[in-house]
Amino acid sequence: MLAVTFCENPMPLSSMRLVSRFVVSAAMAASLFLVSGCRPSGEPFPVRAFLTAPDNLQGNRYDLEAEIDQQLNWREGVGRLIAVRTLQGDVRLPVFISDSLNANLLVAQRYRFEITVRKGGLLYVERLKKL
Amino acid sequence: MRRFSLFAALTVIAVPATWGQSNPFSGASGASGATAAVEGVAENATANRSGSRAGAAESLARAVNVSSLESGTLLQIINKAFDTNSDSIDPESGTMKWKGHSYDMGQFRVFRGRFERYLSLPPTRDQDVYAATIDEVFKLLSTRTADGSQDAVVEAWKLLYRASEYESDGGNSLGVANQIFNAWRIRDEKQAFSVTQTELERIRRQQSASVIYGADTMQAEAGRAASGAASSAGTAAANASPRVNIANNGNASGGGAASGGGQTIGGGSTVGMTGQGFRTRELAETEAKIKALEAAGLMSVTQAKLQFQSQIMSLFLQRRFQHALIASSFYRYIFKGSHQNLEVGKRELASFLPSTDLALTVETIEFLSREAINDINSGMASVRSNYDDNRKVAAIERLQETFFLGEYMPAVTQFEPNRKTELLNLFRKIDEARKLADLRDYDAVLVLTEEIGSLTKDFRTPEVTAAVRSAQRMSTLALNAAQQTAATGDYVRAQEFVEKAAQLWPLNPAIKTYTENMASQADLGTQAAVVFDDAIKREDYRRLYERGAELSVAFLNDEVRGPQLKTVIDRMVKVDIFLSQAEELIAQNNAFSAWEALTSAATLVPKDVVLNQRMAQLAPRVAEFVGRLDQANRYEGDGRYAASLTQFLAAQDIHPASQLARTGLTRVSEAIMNQLSAQIPPATPANE
């Protein structure tokens, strides 16, 4: 998932070491930049905490990476309830995706969902991005 | 007839009042616990059944009614078979007829008791000596064998005192002897009267002669005086003076001339008018005494005759025929032929000879007494003949009538003891059977009838057995009709049939069973209501389900509990199906599905003990799944559908085939969508 770029070094060892150190440092800095540019900005969704006490998470925003498992319900103009399987932990969670997101969802597709925990524990998808 | 009246009275026996109470059964409904379709079929079937039952009940009713007409005849047959009374005995009036005369037996029950006592009594002691004494008396008095001398009569009279000492004589010989003594005493008195009368007659003759002589003398004197006066003219006046004196001095001393004239007449005795008057008075007195003596003698004889005749009549009417004969014989010797006509008891005696106008004499009593004795002897001969022929019932009948006529006769009193014992045994058994027949204890009657039949060949065992069997069968028929009528719901008629069955055979064991069943069913109805209400209150449906058959019968007529019971049974049938299903799933190691089956059952009967036990056994194996479902349900209940949805999903993860989870997901997701339909703000489209 992380896009890491590796560069070759044809220079002598001492200079090469210096260069390589620079390059490594630059690469690390670049990678860090790249990584920070690719990563979601929210926190990962605490699945276990949600399952145990969903009320404690109300109002929070999280990122959730998960795979579409099953469409539970759909109402036109409103949205759809989707059961997703977390990529970590293999737990199924229900999320609501509003029709306004115009998402085309298929089972087994993986997404990063930016979610808000709403009242009653509803995982409301604010944004989603296919992984 | 009296027994028949008793039977008639028994036929209105009231059946216990419990039959009058309402009956909790209804034969119209049935097939409880079946489905509606099945119920319809069942109702039709029940209606058909009721129709067929009603028809059968009608048939039985007709049979019972027809038979009832004959039941009186059957009972008469039984009664007649047990009747050992002779035709000459009328138990109704308590009389016995013999030669057209009705003897009053007193109360028939008392007479039967006396007859039974006779059968059980041993023969009296020294009976043979007593019989010989009586025979000797007869011989001494017999005009054929005796010489008729006074010595023989006195000897016979003495023997009466000896005979009276025996127990079987009953003191009657002493009464006869005393009567004879009395007659003889009167006769002696009459003889003494005769001596006195003879002397008085002699005196009367002397006095009469004296009076006649005095009168003649006085008349002669007067005649002479008259002739003297005629001859002498101056004495005419003197001739007239005595006549005048006689006429004037009837009770006076007279004048001096007259007195002087009287003294010459007697020749030393009293002469004259005064003396003649005394003699005349003395003669009158003597004649009065003679008349008085004659009257007294005549009265004594008449009194003695009447007393004697009264005693003879009394002995005859008391059936002391031997003593009547003896007394009659003595009477003949004591009183002369002109006194043989009966002055007392003629009307009683005439009843024995209703068609004759002959003069009734002491000989008539003798004749009837001999007739009676002959009848008694022939009766006892008949008894013995029947007994020897093993016709003991006939022997009892003959002995009974002979006993009444000749109760005091040696032929009866000396009947063989062993035969009397046998007849007494049979008599008692027949009497017991008769009483049992009166009580309609037919089983006991049959046993006794068999026993009696083994004792004598002339007892009508087949008739009694047939009559008893018929009565029993009729009672059973009536009871069957009652059962079938009750099954159609017509309890009034059922009660009538039961009454009829009880009338025919009160001890019919089937009646007891029937009444017990009906009573227990009525009791069941009450108990069932209590049990049902309690179980419903505690939601103990399984108890009702287990007693479903019993309660269904009890609530056939209960419009409230009946449908409730049906619902409970239907529900429990489903629960049992779930339980069976869970058992099978557990066997397949599918604990989650088994749990779901049990959970489905729990929605029907949450407090069922068996179900909860199964769930408790299974819970550890499905704890997490159950926890998720439980949590989901609680969240759903709180309106927190999203959290509930999460738990349902988690549960479905555990058991993907979970029906509960699937339905929960559907249900809760729909609820969420409903909420969001109104709340959700439009979302920002994603930029991919």
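Being a predicted model, the structure only gives us computed values, none of them experimental.

**A few points about the overall build of chain A**
Logical step 1: For chain A, the helix and strand inventory stands at two helices and six strands.
Logical step 2: Counted from the first residue to the last, chain A has its helices and strands arranged as α-β-α-β-β-β-β-β.
Logical step 3: Contacts spanning at least 24 positions in sequence make up 42% of the contacts within chain A whose residues lie at least 6 apart.
Logical step 4: For chain A, the exposed area adds up to about 7,800 Å²; of that, 56% sits on carbon and sulfur atoms.

**Structural notes on the pairing of strand 2 (residues 61–75) of chain A**
Residue and element names in this part refer to chain A.
Logical step 1: Relative to strand 2, strand 1 (residues 43–44) runs parallel, the two being bridged by two bridges. Its bridge partner being in strand 2, Glu 43 is matched across the sheet by Tyr 62.
Logical step 2: Alignment of strand 2 against strand 5 (residues 110–117), held across seven bridges, turns out to be antiparallel. Across the sheet, Glu 67 pairs through a bridge with Arg 110, a residue of strand 5.

**Notes on the interface of chain A and chain B**
Logical step 1: Facing 31 residues of chain A, the contacting portion of chain B comprises 25 residues.
Logical step 2: Both sides of the chain A and chain B interface together cover about 2,400 Å² of buried area, and 58% of this is carbon and sulfur.
Logical step 3: The largest per-residue losses of area from chain A upon contact with chain B belong to Leu 51, Arg 75 and Arg 92 of chain A, which jointly make up 24% of the total buried on that side.
Logical step 4: The tally of links between chain A and chain B comes to three salt bridges.
Logical step 5: Here Arg 640 of chain B makes a salt bridge to Asp 55 of chain A, at a shortest N to O gap of 2.2 Å.
Logical step 6: Counting every contact that joins chain A to chain B gives ten residue pairs in polar contact (both at pLDDT 80 or more).
Logical step 7: Listed by contribution, the elements that provide at least two residues to the side of chain A that touches chain B are helix 2 (47–52), strand 2, strand 3 (79–86), strand 4 (92–98) and strand 6 (123–130) of chain A.

**Details of empty space enclosed by the protein**
All names here are of chain B.
Logical step 1: As enumerated under the stated definition, the model contains one cavity of 30 Å³ or more in all.
Logical step 2: Estimates place the volume of the largest cavity at around 50 Å³.
Logical step 3: As for the largest cavity, its lining consists of Tyr 130, Ser 168, Asp 169, Arg 320, Phe 321, Gln 322, His 323, Tyr 408 and Met 409.
Logical step 4: Here the element with the most residues in the lining of the largest cavity is helix 10 (residues 321–334); it accounts for three residues.
Logical step 5: Split by residue class, the lining of the largest cavity holds four nonpolar, three polar and two charged.

**A closer look at helix 12 (residues 362–388) of chain B**
Logical step 1: With 27 residues, helix 12 of chain B should cover 39 Å at 1.5 Å per step; its first-to-last C-alpha distance of 39 Å lies within 8% of that length.
Logical step 2: Positive phi shows up at Asn 390 of chain B, right after helix 12 of chain B, with a value of about 60°.

**Section: the nonpolar core**
Nonpolar side chains in soluble globular proteins generally cluster together in the buried interior.
Logical step 1: Counting 81 residues, the largest nonpolar core has Tyr 118, Ile 180, Phe 308, Phe 316, Phe 330 and Leu 399 of chain B as the members making the most contacts within it.
Logical step 2: Counting residues per element, this core draws most heavily on helix 12 of chain B, which supplies nine residues.
Logical step 3: Ignoring anything within four residues of it in the chain, the contact list for Tyr 118 of chain B reads Met 380, Leu 399, Phe 403, Val 412, Thr 413, Phe 415 and Lys 420 of chain B.
Logical step 4: Grouped together as the second largest cluster of nonpolar side chains are 51 residues, Leu 81 of chain A together with Ala 554, Leu 565 and Ala 661 of chain B included.

**A few points about unusual backbone geometry**
Residues and elements named next belong to chain B.
Logical step 1: At Arg 440, a residue that is not glycine, the phi angle is positive and equals roughly 60°.
Logical step 2: Taking relative accessible area as the criterion, Arg 440 reaches 4% and is therefore assigned buried.
Logical step 3: Backbone geometry places Asn 589, a non-glycine residue, at a positive phi of 60°.
Logical step 4: As for its position among the elements, Asn 589 is in the loop between helix 22 (561–587) and helix 23 (591–604).
Logical step 5: Residue class for Asn 589 comes out exposed when judged on its relative accessible area of 59%.

**With respect to the pairing of strand 5 of chain A**
Logical step 1: The element strand 5 of chain A is extensively covered by neighbouring structure, given that seven of its eight residues are classed as buried.
Logical step 2: Following strand 5 of chain A, the chain reverses through five residues before pairing antiparallel with strand 6 of chain A; Gly 120 of chain A in that reversal takes a positive phi of roughly 85°.

**Some thoughts on the packing of helix 26 (residues 641–654) of chain B against helix 27 (residues 659–679) of chain B**
Angle between the axes and distance between the axes are the two parameters that describe a pair of packed helices.
Residue and element names in this part refer to chain B.
Logical step 1: As a packed pair, helix 26 and helix 27 sit with axes 9 Å apart at the nearest point and diverge in direction by 155°. One way to sum up the angle between helix 26 and helix 27 is to call them roughly antiparallel. Crossing geometry of helix 26 relative to helix 27 is assigned as left-handed. Between helix 26 and helix 27, the residues in contact are Tyr 641, Ala 642, Ser 644, Leu 645, Phe 648, Leu 649, Ala 651 and Gln 652 and Leu 660, Ala 661, Arg 662, Gly 664, Leu 665, Arg 667, Val 668, Ser 669, Ala 671, Ile 672 and Gln 675, respectively.
Logical step 2: In terms of residue class, the contact of helix 26 with helix 27 is built from twelve nonpolar, five polar and two charged.

**Comments concerning the environment of His 655 of chain B**
All names here are of chain B.
Logical step 1: With respect to the helices and strands, the residue His 655 is situated in the loop between helix 26 and helix 27.
Logical step 2: When the C-alpha positions of His 655 and Phe 592 are compared, they lie 6.7 Å apart, and in sequence the two are 63 residues distant.
Logical step 3: With residues near it in sequence (within four places) discarded, His 655 still touches Asn 590, Phe 592, Ser 593, Glu 596 and Phe 625.

**A short note on the packing of aromatic side chains**
All names here are of chain B.
Logical step 1: Per the counting criterion, the structure on display carries 19 aromatic pairs over all chains.
Logical step 2: Residues Trp 157 and Trp 184 carry aromatic rings whose centres are separated by 5.1 Å and whose planes lie at 70° to one another, so their mutual orientation is edge-to-face. Taken as a pair, Trp 157 in helix 5 (residues 150–163) and Trp 184 in helix 6 (residues 172–231) lie far apart in primary sequence, 27 residues in all.
Logical step 3: Here the aromatic rings of Phe 592 and Phe 625 are separated by 5.2 Å at their centres, their planes lie at 75°, and the arrangement is edge-to-face. Here Phe 625 lies in helix 25 (residues 623–638) and Phe 592 lies in helix 23, a separation of 33 residues in the sequence.

**Let's talk about helix 4 (residues 127–141) of chain B**
Residues and elements named next belong to chain B.
Logical step 1: Along its 15 residues, helix 4 runs 21 Å from first to last C-alpha, staying within 8% of the 21 Å computed at 1.5 Å per residue.
Logical step 2: Gln 127, Tyr 130, Thr 133, Ile 134, Val 137, Leu 140 and Leu 141 are the residues of helix 4 that are buried. Across the axial projection of helix 4, the buried residues extend over an arc of 155°, all falling on one side.

**Remarks on the pattern of salt bridges**
Two side chains bearing opposite charge may form a pair once their charged atoms approach each other closely.
All names here are of chain B.
Logical step 1: Inspection of every chain in the model, using the stated rule, returns 39 salt bridges over all chains.
Logical step 2: We note a salt bridge from Glu 401 to Arg 398, for which the minimum N-O separation is 3.0 Å. Pair noted here: Glu 401 and Arg 398 are both in helix 13 (residues 392–405), with a separation of three residues, about one helical turn.
Logical step 3: Note on Glu 401: relative accessible area 19%, which makes it buried.
Logical step 4: Two residues, Arg 538 and Asp 540, come together in a salt bridge whose shortest N-O distance is 3.8 Å.
Logical step 5: A relative accessible area of 42% means that Arg 538 is categorised as partly exposed.
Logical step 6: The partly exposed category is assigned to Asp 540, whose relative accessible area is 22%.

**So, the side chain of Gln 276 of chain B**
All names here are of chain B.
Logical step 1: Locating Gln 276 in the fold gives a position in helix 9 (residues 273–317).
Logical step 2: Using a relative accessible area of 9% as the deciding quantity, one classes Gln 276 as buried.
Logical step 3: Apart from the residues lying within four places of it in its own chain, the contact partners of Gln 276 are Ser 210, Val 211, Gly 214, Ala 215 and Met 218.

How each quantity is defined
- Residues numbered from 1 in each chain as written.
- Chains lettered and ligands numbered in written order.
- Predicted model: local features only at pLDDT ≥ 70, side-chain atom pairs only at ≥ 80, totals over all residues.
- Heavy atoms only, no water.
- Helix = DSSP H or I, 4+ residues; strand = E, 2+ residues; numbered from the N terminus.
- Contact = heavy atoms within 4.5 Å.
- Areas by Shrake-Rupley, 256 points an atom, 1.4 Å probe, with all protein chains shown as cover.
- Pairing = 2+ DSSP bridges.
- Buried area = accessible area lost by both parts, 1.4 Å probe.
- Salt bridge = Lys/Arg side-chain N within 4 Å of Asp/Glu carboxyl O.
- Polar contact = N/O pair within 3.5 Å; in protein donor to acceptor, adjacent residues only side chain to side chain.
- 1 Å grid on protein atoms, 1.4 Å probe; cavity = no way out; pocket = protein on both sides within 12 Å on 5 of 7 lines; lining within 4 Å.
- Points joined across faces, edges and corners; volume = space filled by probe spheres on them.
- Nonpolar A, V, L, I, M, F, W, Y, C, P; charged D, E, K, R; others polar.
- Expected span 1.5 Å × (residues − 1).
- Core = buried A, V, L, I, M, F, W, Y, C linked by side-chain atoms within 4.5 Å.
- Buried < 20%, exposed > 50% of the residue type's maximum accessible area, 1.4 Å probe, protein only.
- Axes fitted to C-alpha atoms, helices over the stretch in contact; angles between N-to-C directions.
- Parallel < 35°, antiparallel > 145°, perpendicular 65-115°, else oblique.
- Left-handed = near helix turned anticlockwise from the far one by under 90°.
- Phe/Tyr/Trp six-rings, centres within 6.5 Å; stacked < 30°, edge-to-face > 60°.
- Arc of directions from axis to C-beta.

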